[in-house]
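Observations on the three-dimensional arrangement
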Amino acid sequence: MQLFQVEYFVAVAETLSFTKGARRANVVQSAASAAVHRLERELGCELFERKGRTVRLTTAGTALLPHAYALLNEVRAARDAVDATRGVIRGEVTFGTLVHPGPIDLLKVLAQLRHEHDGVVVKLRQTIRGTASSLDEVRDGTLDLALVSSAQPSVPGVHLTHLYAEPFVLIHSERHPLGARPAVELTDTVTEAFIDFPQGWGNRGAIDALFAEHGLDRRVRTEVVAFDMALELVRSDLGIAFVPRSTVTDATGIRVRAVGDADVRWPVQLARSTARSLSAAGRVVSQAVLSHVHDGP
């Protein structure tokens with residue numbers, strides 16, 4: 001059993017695809033397939049069920065997976081230990097980020113890592129599908145770490161470290177009829193057209209939960225994946241929106257309002273897999289993120 005065979009087996013097991021697994025391992029698909037086939041011959045059993053394009057772990061593959069994780073973790077720990085004797089921390093860390101990091105100063109995080117740990121390479125991956133997809137990618141190993149916004153304090157297969165929780169505010173254009181109200185209640189907004197992010201994004205989930213908690217429905221007319229776009233649509237009086245306060249960097253043409261006594265916040269956490277230990281490089285990235293969280297507006 002060769003180490004590269006184990007690495008390719010884990011990559012395929014986590015992605016349930018020889019194509020994606022090979023891409024994860026930075027090899028061509030034929031190399032990943034050949035390595036897994038050889039491993040199966042050496043073990044005397046099939047590790048995957050292959051039906052067309054569908055790939056599933058067999059009972060034997062499921063039994064092997066935790067031992068494969070343990071083996072790769074031990075190898076990584078051995079490399080880290082040797083590097084530590086020379087005062088060196090090196091390695092690659094794939095780090096998923098939100099479209100808006102809020103009070104986390106990622107520039108300072110990267111600058112600190114460059115200054116203190118030049119051997120650590122950070123591969124930033126900004127989410128294009130929201131927290132739900134980032135959590136999946138942390139679980140399957142695509143991401144080593146990720147900034148996420150989960151309304152749930154715990155998520156299966158993922159360890160969440162709370163970073164901050166920023167208040168949401170309601171925004172509408174200066175021309176909007178809600179501007180005539182000295183105070184806005186949640187019930188005042190139910191007939192309005194909302195601008196929000198798609199399902200699966202943490203900020204969308206928090207606001208959906210707020211309305212559900214009060215037994216109210218709302219209509220999301222326009223979905224976006226950038227706060228700048230949401231602000232522009234609100235500024236053009238094409239709808240209203242709930243956004244984290246720190247995203248309103250330019251309030252020209254916009255009214256920023258509190259909504260009654262509704263205290264709903266945008267939680268942000270640092271996520272890592274519970275199935276794999278962080279490398280030394282992953283730990284220093286995690287520590288750098290935690291050291292650069294500051295209070296939002």
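Residues numbered from 1 in each chain as written. Predicted model: local features only at pLDDT ≥ 70, side-chain atom pairs only at ≥ 80, totals over all residues. Heavy atoms only, no water.

A short note on the nonpolar core
By size, the foremost hydrophobic cluster in this structure holds 35 residues, and its most contacted members are Leu147, Leu163, Leu170 and Phe242. Listed by contribution, the elements that provide at least two residues to this core are strand E3 (91-97), helix H5 (106-116), strand E5 (145-148), strand E6 (158-173), helix H7 (202-213), strand E11 (265-273) and helix H9 (280-291). Beyond its immediate stretch of four places on either side in the chain, Leu147 contacts Phe95, Gly96, Thr97, Leu98, Pro101, Ile104, Leu106, Leu163, Gln269, Leu270 and Val289. (Core = buried A, V, L, I, M, F, W, Y, C linked by side-chain atoms within 4.5 Å. Buried < 20%, exposed > 50% of the residue type's maximum accessible area, 1.4 Å probe, protein only. Helix = DSSP H or I, 4+ residues; strand = E, 2+ residues; numbered from the N terminus. Contact = heavy atoms within 4.5 Å.)

A closer look at helix H1 (residues 3-15)
Taking 1.5 Å of rise per residue, the 13 residues of H1 would be expected to cover 18 Å, and the 19 Å separating its terminal C-alpha atoms lies within 8% of that figure. Within H1, 10 of the 13 residues are buried, which leaves it mostly tucked inside the rest of the structure. Against the buried residues of H1 lie helix H2 (18-24), helix H3 (29-43), strand E1 (48-51), strand E2 (54-57), helix H4 (59-85) and helix H6 (131-140). Directly beyond the C-terminal end of H1, a positive phi value near 50° is found at Leu16. (Expected span 1.5 Å × (residues − 1).)

What about the packing of aromatic side chains?
Applying the stated rule across the entire model yields 10 aromatic pairs. Measuring from centroid to centroid gives 5.7 Å for Phe4 and Tyr8, while their planes differ by 65°, and the two rings are edge-to-face. Here Phe4 pairs with Tyr8, and both are found in helix H1, just 4 residues apart, close to one helical turn. A relative accessible area of 36% places Phe4 in the partly exposed class. (Phe/Tyr/Trp six-rings, centres within 6.5 Å; stacked < 30°, edge-to-face > 60°.)

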